[in-house]
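What the coordinates show
So the chains spell out like this:
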Amino acid sequence: LPADSAPPPGAEILGISATDAQRMFDEAQKAKAAAAKMAEAEDEKKSEQKRLQEALKAASAVSTSKVKKVPGATHEFECGDCGYTMFPAAGREGKFFGDGFKCPECGASKDKFRDKGPAA
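Since this is a predicted model, take the numbers as computed values, not measurements. (Residues numbered from 1 in each chain as written. Predicted model: local features only at pLDDT ≥ 70, side-chain atom pairs only at ≥ 80, totals over all residues. Heavy atoms only, no water.)

By secondary structure assignment, the location of Ala11 is in helix α1 (residues 11–14). Overall, Ala11 belongs to the buried group, its relative accessible area being 4%. When the C-alpha atoms of Ala11 and Ala21 are compared, they prove to be 6.6 Å apart, with ten residues separating the residues in sequence. Residue contacts for Ala11: discarding those within four places in its chain leaves Ile16 and Ala21. (Helix = DSSP H or I, 4+ residues; strand = E, 2+ residues; numbered from the N terminus. Buried < 20%, exposed > 50% of the residue type's maximum accessible area, 1.4 Å probe, protein only. Contact = heavy atoms within 4.5 Å.)

Structure representation (structure tokens):
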């Protein structure tokens, strides 16, 4: 409000000048805008946390033990006891993992070997 204008309605009841009334009004508007900005930032933070939790849940749902078989690809087989790794030719796994197969490194049985998927 201009300095020479009449006080806004109600200012005289409070016993304040038009300038003081305008200053109080401006301060209240600034405080309201700051509170709205903080609430918006908090909402954005909660939204980001929710997105991260959903992404983490989706990532943990993926099982690394279920490896997709790629036809014609050479797979990597690893001994669960000693870590020895074999790369038998694609389609020839049965030749390597016959009934009497043992790990050449530690002698573990064939059931200790796991398919780690296509060789990189």
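Back to the text.
Turning our eyes to something else, we now look at the pattern of salt bridges. On inspection of all chains with the given rule, the structure shows six salt bridges. Between Asp20 and Arg23 there is a salt bridge, with the nearest N and O atoms lying 3.9 Å from each other. In this pair, Asp20 and Arg23 both sit in helix α2 (residues 18–61), three residues apart, roughly one turn of the helix. We note a salt bridge from Lys116 to Glu78, for which the minimum N-O separation is 3.7 Å. Highlighted residues: Lys116 in strand β3 (residues 113–118) and Glu78 in strand β1 (residues 75–79), separated in sequence by 38 residues. (Salt bridge = Lys/Arg side-chain N within 4 Å of Asp/Glu carboxyl O.)

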